Structure formats: C-alpha cells, structure tokens
Amino acid sequence: MSMVLSTVSTVASGALSGVGGEMGRRTSERLYGLLSRARTADGGVGTGSGGGEQQPTLPVTEPEQTAAALRLMEVARRSPEFAREVAEWVREASWLAPRAVPAVALDASRPQMLPPATAVFTDREDVIEWITALLDDADPVPGAPTIAALTGPGGIGKTAVAVQCAYALRERFPDGVLFVDLAGASSGTALAPSDVLARFLERLGVPPAMVPGDEARQRDLFRDCTADRRMMVVLDNAHADAQVVPLLPASPECLVLVTSRHRLGRLVAEHGARPLTLRPLSTADSVLLLRRVAGSERPAAPDAVVQAVAEAVGGVPLALCTTGAGLAVREHLAWERVARQLSERIHGQGQGGDAMRSGSTDGSGGPVDPVRHAQDVSYSELTPECAAFYRAIAVWAWPTVTVMCAAHAAGVAEGQARELLEQLARGHLLEEVGEERYRFHDLARAHARQLAVAEDGHGRMSAGVRRVAVAHLRWAAEADFRVLPLRWRLGPAYRALVLPEDRDPADGKHALAELRRERENLAAVIRAADHHGFDDLVWQLCEAMWGLHLRLGFHAQWIDTHLFGVEAARRCAAEFGDRRAVGRMLVQLAFGYMGAGRAADAEEALAEAVAADEACGHHRGQASAVEALGLLRLKQWRYAQAQRCFEEAREILGRIREGDDGWEDLPRATALLEHHIGRALTKQRHFEAALARLNDALVRFRRLPDGGDAYNEGRVYMSLGELHLDAGDTDLARVCLDKAVEAMETAGAGLQLADAFESKARCHRLSDRPAQAVADLRTAAVHYEENGDRVGAERVRAGLAELEA
C-alpha cells in the first residue's frame, strides 16, 4: 500500500508541473485509466463514451491520493491482471520519483563547482585546522551534515577562506563540491533557494525535465540525491538562515561551509552549525599579503612604510588586496604616496573637497572604514574615463557584468568596454569570474554607486539602466526568436527578425543555451527596469524570456519576473500603452504557476487574462488564454472541460479577420487547437471523433508555409499512436509511431525521437514482438544519452534488461 500511495503522490504532484516530460504525462494518464477501470470494477459508472458520466479527477490532496491508492489496491486484490498492470505502472512511475535520480547521478562526473583560489592567500591556517578538527571529532548523526559557519564583516576574507579550505579538504569528499554565491549583501539581491536548488540538481545529473517546479519538492529531491554521498557544499555570502536551510544535504558524510556577515542563530540552534568569527589579519600577515599582491617586481620599500600602509587599511584583506593591486598595476606609484593618501583620508584631509574622496568617518565621529579608504585611493588613481566607467557599471547590482552590459551602461563601444573592464580587474575593483564576465564585490559596487550618485546624478544613472535594458531586450528577443520561431509574440523588439536560409539545425539549442547563461542577468535587468519605471521594457523583457522558461522552467524566477511584467503592462495600458500586453503577461504567469503546481493561482491568472483580452478586443490573446485554461484542465484530467475550452478558443479565433493581430498565426493556432481537441476526445474514449480531429490537425500542420511544421506533425502522430493503443489496435499505433519517428528526425527533435522509439517498443511488447522491442529500446537509449537525458537512458536500459532476462 505504501508504495502505491507514494507513487500516486509522485505522479499527481508532477502532473501539473510537467515533471518527466512526455513520459510523466503518459504515466499520469495511465493512472487516470487505471482509476477509471477501478471505478467500473467497483460497480460505479464506467469510463464509457459520453453523457455526463462521473470520471476520476487528479488526486491533489493527501486524502484524495490515499483514496485513489486504496481503490487501486482493492481492485488489484480481486484481479491478478489488474494487479499486474498496477505493478507495471508503479515500476514505470518510479523513474519520476526523486530516489531514482541519485543512482544515475552517481555515474556522472562529480560536480566541482569551486571558483579558482587566490594565489596570494595569506594566514588563516587556523581556520583550516578548526574545520579539520570538526570533521575528525564529529559524532555522526543520521541525516545531519557537519556545518561550519564563518562570519565577519564585508571584506574580511570569508569567501577566500571558504574556497581555500574547500580546496584543502576536497580529497575527503570524493563525490564532489557544490558552490554558490548566495548574493546575500541585501534581501533584494539574495538568491532564492529554489534557483540554487535547480542549479545544484542540474550539476548532480538531474535532467531539466525532472526538476520539480516547487521549492519543497526540489528540496526533497536534493536531499535524496545527496543522502548517500560524501560531498562538500559551500554556501557563500548568505543573507539569512532561511536562505541556507533548504540547501542543506541530508548526509552525515557531507560538510557544509557557510559564510555570512550575519549571525545565523537558527542554523546554530536547530542544525548544529559551529560558528567562527573571522578577525582582521595581524600586521605581519597584512604586510606579507600587501607585498604578495604588489609583486616582487616593484622596487623594495622600507618596512616602516609598508607597515604604515598595512596598518592604515586595518588588516582587512579586501582593502589590502585593493591597495596592493593599485601598486601592482601602477609601477610609478610610490608606497610613500599611498601611505600619505591613506593617512589624509583617515584624518579627513583628502584633496578636492569631494565627500567620497575625502570622507573618513561615518559622519558622526565614528570609526573609519579601511575598505572605503583603500577604494578611494584606487579610485583617485583612475583616469577620468575609467572612473566614469567604474561608476556607470555600478548603477544596479548585476549578478555579473558582461561586456555588453558594461558597454551600454557606460555608453561606450564594446571594444573600449572590454579594455576598461580589464583595467578595473587589474586594480582589484572588479573580479573576473568567467570569460569576459566580471563581478563586483558588493562593497566595491556600493562604493562605485555612491560615487555615481554624487558625481553623475540619478538622471544619468537611470539613462544607463535604460540603455542596458534596451540592449538586453534586443539580444533576448533575437535569441527567443531562434528558440521558438513559429510562436506568436507581442512587442516591437521582434519586428524585422528573420531566420537565415542556411540556418544550422542546432541553432535553436544554441540560442536556448545562450538565454540560460544570461538568465540571472535578464531577471536583474527586469528588476532594474521596473525600479526605474521603464514599464514598456519590463513586459517586453518578460515576453523575450518565454522560450527560456517554457523549455527549461526555473519557475521561481519565472513567477517573480512575470509578476513585475503584469503590473508593468497594466500601468502601460493605463497610459496609452499596448493593452494587449496585460493578457499576454497573465497567460505567461499562469504557465509559471502551473509549473510550480499552483493550479488555483494559474486559474485565477487565466480568468483575468480572458477578461483583459476581451476588454481590449484582442481575439488572439483571448483565444490563447482560453487555450491555456484547456491545457490546465487536461493536466487535471478534466477532459470534457478541456475540450470545451479548446472549442471556445477555436470559435474566438474565428473572429479574427485579415489584417487583424494574429491573422498570420491563425493557421498554426488552429492546427494546435485541433490537436488539443483530439487529445481531449481520446481520453474520453470518443475515438472516432478524436481520429477526425487529429487527422485534421495533421493536414493543417502540413499546409503551413515553408514546408510545414515537422515537429508538430510528429507530435500529432504520437497522439494518433496513443489513440490506437487506447483503442486496442497496436498495428495502427505502430504505423503512426513510425511516422512520428520520421517527423522527429526531420525536425531534429532528439528527445522526442527517443520518446517515439520508446512508444514503438511498447507497441511491440503488446504485440509479443520482443526482438523488435529490444531494437527500438536500444535506439531510444542512444538518443536519450546523446541529448543529455541520463535518467531516460537508464530507464530504457532497465526495460531492456527485463526483456533480455
């Protein structure tokens, strides 16, 4: 009973979010079929073919899931054949459960996510010794990792210490190291645990289609994946306990290193973390670090002068590195001059009268800030051009600063931006974290931003943000167009976009990878544009991220950004903007809610979308919203309601006239709806009507311009294969699935091609053709492997082993 209940829960909770892709959908629909037959066997109304009969609905709540499991078990006890089918379904659905993933991930390469260590690391051996002692003296508690929490003020070197310790200890953790910068300088920049979990799960070998949309199930999957592993998890720059707790692995063999400026009391009290506060370096170690960073090539300086510089920056590693880097890149800058500049700032005697350049206290006679003084000295040595650039790129907390972002923030050419970024990195005012990708320490960004406020003013800063937003919109729209060239879209950013005739078949995948790489920056651009009131850009940026989210999920970010998009679109509509954008944003937000398993929120958003599009007479948008509601009903097993939604959307599309918005998209939109209606009819067992609709969809997709839509032709053939299987005709099912294979090969859709071969193998098994089933499963496994779905490949190989046993 417990196994069946667990499987019902897994399948039902994943039905809305789409976990498992097509395999997950079929597993959900098989549960619907089993429950329909169980209802008939219990003497209830049958699954029949019409007439208001009560059918099962998706069991969402715990009592509903328990009742569904009990019904399956009761019928299985009376029917050996039904019991065999339930057992087969449980075995198939087990690949959707989190526990199936670790075995696959263990065969993958161990994640090694640590950033490079600093070559000038100085002192802190006591921290490594302390953590080593924690590990050696630990009394393992089942499910509880060893947790070390390093705290201290900004710039004290927490990240460098954590990374150095991780490298020193990683041989003790053969299953890999996970690392993330939680960006916890403020609550506004802090990463959501859901985003981090998605990143970790990917590195642990979980395919994107298997990553749940909601944080709770992501957390459960992460703990399952790490339960039997010896790993190190480095959580850098945490803002609060709530950000850290969901990221804790569930293995006593794991070590978690956490760094934060804040005391993490809950982590200590409830999870046994051991805290350690980092202190400034001693004068001797400060001198050593300064000399290492400045380099041995410089002329020797008197020890007293170097010591004066070291003492002026208070033993704070960030200040020491900033000061040393300034000396390293300016060969004519004398130690004595740096010592004098620092002394002047400490005693309030800076040159020029600028508050940022000369201020040395907190304004109330409080203690001086050594990091600020070091930054002021480095800033004073920049050329005017580089100083303006430094200020410009700090107008917002970009997760990383790319060449494109920097060039548009500062209003300079990309070649010039590239040179200036390198200058700032050499001076330790920026850190290079990837190829042409940089990051501010948050204290450096705060310094640069305050300079921007004082010297440039909010108007110039806002103009820089708008340039960055426009550049990212232009780039993202072009990438999104390459990912989903046939979809309908709103916004002027897509005007005049065309695909090259000699387009690489893999171009769409490359574009999706590019969008994924910039995902966090794009989300930050949306927040920046919203903060500065650029509503027209906010909703268009959300529109340009549709392909990314539709294909890859990232539901927490999806919902967060599109909430901004909805409100921005509403403000635009109230100020003579594009009123169609309101419904568009609400529909996209609803899909985000669906992926996170929030059906009620999705339904509410879709109702608002229908009303908004109806109010502005946007038939294409209204049809899309009603269609989305139908897709939600399909996921909920409300097939008759889904059919009515699709037919209503079809009727709304019929109101579009030549020249209206959506006219050019009408043939494809109609074909998609015919396909949806055919699927809904199939699940109601109206096979003859379903066949007619699916064949109509097939004809419509073939008639589309530019040679038709091979991918959607393949999807219709897959649906035809499922129809014939449900109707008991395996021969016709196999014919349709052969056509699906041809179409997916033409479309270059590797994962869907693997799915088609797997479905063909099921036909062969039902027809008692084991040799053909083995051949198709072997082919499916190859395609899953080639397209990065290790879980799919492993699942198929398990089926092969059963057939060949």
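You'll find the structure just up there.
Note that this is a predicted model, so its numbers are computed, not measured.

Peer 1: How would you sum up the side chain of Asp-214? Please name residues and give values.
Peer 2: Here Asp-214 shows up in the loop between α8 (193–203) and α9 (215–226). There is no salt bridge for the buried Asp-214, and the closest opposite charge comes from Arg-217, which lies 4.0 Å off by N-O distance.

Peer 1: Tell me about empty space enclosed by the protein, residues and numbers included.
Peer 2: Tallied over the full model, the rule gives 4 cavities of 30 Å³ or more. Estimates place the volume of the largest cavity at around 60 Å³. Around the largest cavity, the lining residues are Arg-25, Glu-29, Arg-679, Thr-682, Lys-683, Ser-719, Glu-722 and Leu-723.

Peer 1: Tell me about unusual backbone geometry, and name the residues and values.
Peer 2: With a phi angle near 50°, Glu-436 is a residue other than glycine that sits in the positive phi range. By secondary structure assignment, the location of Glu-436 is in the loop between β7 (431–434) and β8 (437–439). Although it is not a glycine, Asp-768 adopts a positive phi angle of roughly 60°. Within the secondary structure layout, Asp-768 lies in the loop between α36 (750–766) and α37 (770–786).

Peer 1: Could you give me a rundown of the pairing of strand β1 (residues 146–151), with the residues and numbers involved?
Peer 2: Counting buried positions along β1 gives 6 out of 6 residues, so the element sits mostly inside the fold. Judged by which residues are buried, β1 turns out to be covered on both faces: Thr-146, Ala-148 and Leu-150 on one side and Ile-147, Ala-149 and Thr-151 on the other are all buried. When β1 meets strand β4 (residues 255–260), the two strands line up parallel, connected through 6 bridges. For Leu-150, the partnering residue across the bridge sits in β4 and is Thr-259. Sheet topology note: the β1/strand β5 (residues 274–277) ladder contains 4 bridges and is parallel. Within β5, the position partnered with Thr-151 by the bridge is Thr-277.

Peer 1: Tell me about the sheet that holds β7, residues and numbers included.
Peer 2: Spatially, the 3 strands line up as an open sheet ordered β6-β8-β7, and their pairing is antiparallel. The strands lining the two open edges of the sheet, one partner per strand, are β6 (401–402) and β7. One ladder, built from 2 bridges, connects β6 with β8; its direction is antiparallel. Within β8, the position partnered with Val-401 by the bridge is Tyr-438.

Peer 1: Can you lay out the sheet that holds β1 for me, pointing to particular residues and giving the numbers?
Peer 2: Adjacent strands of a sheet form backbone hydrogen bonds with each other and so pair up, either parallel or antiparallel. Spatial ordering of the open sheet is given by β2-β3-β4-β1-β5, a layout of 5 strands whose pairing is parallel. Looking along the sheet, the strands with just one partner apiece sit at the ends: β2 (177–181) and β5. Within this sheet the neighbouring strands show an average axis-to-axis angle of 15°, counted without direction. Sheet strands in contact with helix α7 (residues 158–169) are β1, β2, β3 (232–238) and β4, and its direction is about 165° off that of β4. The strands that α8 touches are β2 and β3; relative to β2, the one it contacts most, it runs at about 155°.

Peer 1: Can you break down the packing of helix α33 (residues 687–702) against helix α34 (residues 710–726) residue by residue, with the values?
Peer 2: Following both chains from N to C, one finds α33 and α34 inclined at 165°, their axes separated by 9 Å at the closest point. Compared by their axis directions, α33 and α34 come out roughly antiparallel. Viewed along their axes, α33 and α34 form a crossing whose handedness is left-handed. Residues Phe-687, Ala-690, Leu-691, Leu-694, Asn-695, Ala-697, Leu-698, Phe-701 and Arg-702 of α33 touch α34, and the partners they reach there are Asn-712, Glu-713, Val-716, Tyr-717, Ser-719, Leu-720, Leu-723, His-724 and Asp-726. In the contact of α33 with α34, the residues fall into 11 nonpolar, 4 polar and 3 charged.

So, how was this worked out
- Residues numbered from 1 in each chain as written.
- Predicted model: local features only at pLDDT ≥ 70, side-chain atom pairs only at ≥ 80, totals over all residues.
- Heavy atoms only, no water.
- Helix = DSSP H or I, 4+ residues; strand = E, 2+ residues; numbered from the N terminus.
- Buried < 20%, exposed > 50% of the residue type's maximum accessible area, 1.4 Å probe, protein only.
- Lys, Arg positive; Asp, Glu negative; His and termini not counted.
- Salt bridge = Lys/Arg side-chain N within 4 Å of Asp/Glu carboxyl O.
- 1 Å grid on protein atoms, 1.4 Å probe; cavity = no way out; pocket = protein on both sides within 12 Å on 5 of 7 lines; lining within 4 Å.
- Points joined across faces, edges and corners; volume = space filled by probe spheres on them.
- Pairing = 2+ DSSP bridges.
- Axes fitted to C-alpha atoms, helices over the stretch in contact; angles between N-to-C directions.
- Contact = heavy atoms within 4.5 Å.
- Parallel < 35°, antiparallel > 145°, perpendicular 65-115°, else oblique.
- Left-handed = near helix turned anticlockwise from the far one by under 90°.
- Nonpolar A, V, L, I, M, F, W, Y, C, P; charged D, E, K, R; others polar.

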